[in-house]
Amino acid sequence: MGLWDIDKIEYVGHAKGVEEGLAFHYYDKDRVVAGKPMKDWLRFAVAWWHTFNQGLVDPFGDPTAQRPYYKYTDPMDQALAKVDYAFELFQKLGVEFFCFHDRDLAPEGDTLRETNANLDKVVDKIEQNMHDTGVKLLWNTSSLFTNKRFEAGAGTSPFADIYAYSGAQLKHSLEIGKRLGAENYVFWGGREGYESLWNTEMKREQDHIAALFQMCVDYAHEIGMDAQFLIEPKPKEPTLHQYDYDAATTINFLRTYGLDKDFKLNLEGNHANLAMHTYQHEIRVAREAGFLGSLDANQGDKLIGWDMDEFPSDLYETTAVMWEVLAAGGIGPHGGLNFDAKPRRTSFTPEDLFRTHVVGMDSFAAGLLVAAKMHEDKYIENLQEQRYSSFDSGIGKSVEEGKASLASLEDYAIDKPQAELIAACKSDHLESVKATINNYLVEALAQA
Ligand code: XLS
Ligand code: NI
Ligand code: NI
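Residues numbered from 1 in each chain as written. Chains lettered and ligands numbered in written order. Predicted model: local features only at pLDDT ≥ 70, side-chain atom pairs only at ≥ 80, totals over all residues. Heavy atoms only, no water.

- Going by the annotation in an unreviewed UniProt entry, the name recorded for the chain is Xylose isomerase, with Bombiscardovia nodaiensis given as the source organism.
- Word for word, the UniProt comment on the chain under Subunit (unreviewed entry) is "Homotetramer."
- According to UniProt, the comment filed for the chain under the heading Sequence similarities (unreviewed entry) is "Belongs to the xylose isomerase family." (UniProt positions renumbered as here; feature names shortened; annotations may be inferred.)

Structure, rendered in structure tokens:
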């Protein structure tokens, strides 16, 4: 059985009698959907921080997680042991990628030099395991928010020593990304924002962090690191306001500082909700602007106003996400679906780590199947084309061709009677559209 007391998770189709969570019903990794194997559309990744380090705390309670490697009480011993558990879990789930923060892997020392030495020992072991198993690094990142020195930010800290330390930490993180062949490198500005504007020079802070991003771009070029750089928007939590609020705000930041050629976005479902958007909205904004980089696959909860990091199980949402991914031709070339998600505090057994990933993987596989069917029928494409068809000729076409002016619009509209204008508006039968999407869900999954 190996280190985890659990068998490899297999695809069993619609088999009855298989306990939910211990087999895939939709995720059949090599099955070709819309011209590619499922695994290449989905490119699932395990998030080291949640899956191996999360004790399942909440603001009111102690950790509940039971993990087999807790028997290693020395922090370095435990860090090294976790690598074995991690790679066995990846293989038993059939996940081909993983993601980590530098500080997820090894304990800190007193100086950065000591911390780097601890980290390098674990990275050595990870490199060996990657080589042996073929599991790849979707992305790595630097935790510039956990240690108390980052209380007021890292790249936006008002304290130059902390800024300098952040740059030094990033340098080594980029070196690790290169060494492990990371597909992407993520920047999540957990504390890059403010608690109060009264004590904050907002523009100065953004100038500082933009300069730090530029240094990262320059250093990556210098060492020949070719990972795609990603910024992960989030509006708040832990800070009151985070500068990378949402996709649109972050794209504006990148363009303002001339960083738009070097960065794309890593979008997370729960973060979208915290910004009062849907996950689909964030992906649509990024996709249409050419900034879709990768996805943190989790979901929030309508009733709770913080980053719950639930494993995805909402098929309507996974369908919407995969519809956008298919419309983009893929989440690539470098992106993937990283389960930035944790079990609830009440599902604390080691086996729950497998169950939760299986639910997330199956939910996205199901979403892919439904969305692929919708694309195959061009259901949404036709509906949208029809809705905007008045821009394909006449006055609408002159607008799209840039030939219209206020005077030409006035010429066209000034004598149009109200009845003609009302007749130009067509009902979208929106409720029927939603019912049709429901039918796609039911039918595509029944036939899966
Ligand atoms: C936190 C973020 C974080 C990033 C990586 O809310 O989602 O986990 O994905 O630093
Ligand atoms: Ni995330
Ligand atoms: Ni998050």
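Past the structure itself, the notes keep going.
Let's talk about the site of ligand 1
Reasoning step 1: Every residue lining ligand 1 is accounted for by W49, H101, W139, W188, E232, K234, E268, H271, D296, D307 and D340.
Reasoning step 2: Note that an oxygen atom of ligand 1 is positioned 2.9 Å from one of the side-chain N or O atoms of D296.
Reasoning step 3: Taking D340, its side chain carries an N or O atom lying 2.7 Å from an oxygen atom of ligand 1.
Reasoning step 4: Protein chains bury 94% of the 290 Å² of accessible surface belonging to ligand 1 in isolation. (Near = heavy atom within 4 Å. Polar contact = N/O pair within 3.5 Å; in protein donor to acceptor, adjacent residues only side chain to side chain. Areas by Shrake-Rupley, 256 points an atom, 1.4 Å probe, with all protein chains shown as cover.)

A short note on the coordination of the nickel ion (ligand 2)
Reasoning step 1: Coordination of the nickel ion (ligand 2) by the protein comes from E232 (OE), E268 (OE), D296 (OD) and D340 (OD), over a distance range of 1.9 to 2.1 Å.
Reasoning step 2: In terms of primary sequence, the donors binding the nickel ion (ligand 2) are separated according to E-x35-E-x27-D-x43-D.
Reasoning step 3: The distance between the nickel ion (ligand 2) and the nickel ion (ligand 3) is 3.7 Å, with E268 acting as a donor to both metals. Of this pair, E268 sits in strand β10 (residues 263–268) while D340 sits in the loop between β12 (337–339) and α12 (350–376), and the two are 72 residues apart along the sequence.
Reasoning step 4: A relative accessible area of 7% means that D340 is categorised as buried. (Donors = N, O, S within 2.8 Å, 3.2 Å for Na, K, Ca; no water. Helix = DSSP H or I, 4+ residues; strand = E, 2+ residues; numbered from the N terminus. Buried < 20%, exposed > 50% of the residue type's maximum accessible area, 1.4 Å probe, protein only.)

Focus on the nonpolar core
Reasoning step 1: Counting residues in each nonpolar core, the largest one holds 107 residues, and the members touching the most others are L42 and W48.
Reasoning step 2: Among the elements that take part in this core, α12 stands out by supplying 13 residues, more than any other.
Reasoning step 3: With residues near it in sequence (within four places) discarded, W48 still touches N53, K82, V83, A86, F87, F90, F98, C99, F100, D104, L105 and I126.
Reasoning step 4: Listed in part, the nine residues of the second largest apolar core include A45, A47, W49 and F97. (Core = buried A, V, L, I, M, F, W, Y, C linked by side-chain atoms within 4.5 Å. Contact = heavy atoms within 4.5 Å.)

A word on the pattern of salt bridges
Reasoning step 1: Inspection of the entire model under this criterion finds 25 salt bridges.
Reasoning step 2: Salt-bridge contacts for K234 lead to E237; the nearest nitrogen and oxygen are separated by 3.0 Å.
Reasoning step 3: Among the residues examined, K234 registers a relative accessible area of 3% and is labelled buried.
Reasoning step 4: Note on E237: relative accessible area 27%, which makes it partly exposed.
Reasoning step 5: Note that K234 and D307 form a salt bridge whose closest N and O atoms lie 2.9 Å from each other. On the criterion of sequence distance, the pair formed by K234 in the loop between β8 (228–231) and β9 (241–242) and D307 in the loop between β11 (292–296) and α11 (315–327) is long-range, its members being 73 residues apart.
Reasoning step 6: In this structure, a network of salt bridges that share partners links the residues D102, R103, E108 and R149. (Salt bridge = Lys/Arg side-chain N within 4 Å of Asp/Glu carboxyl O.)

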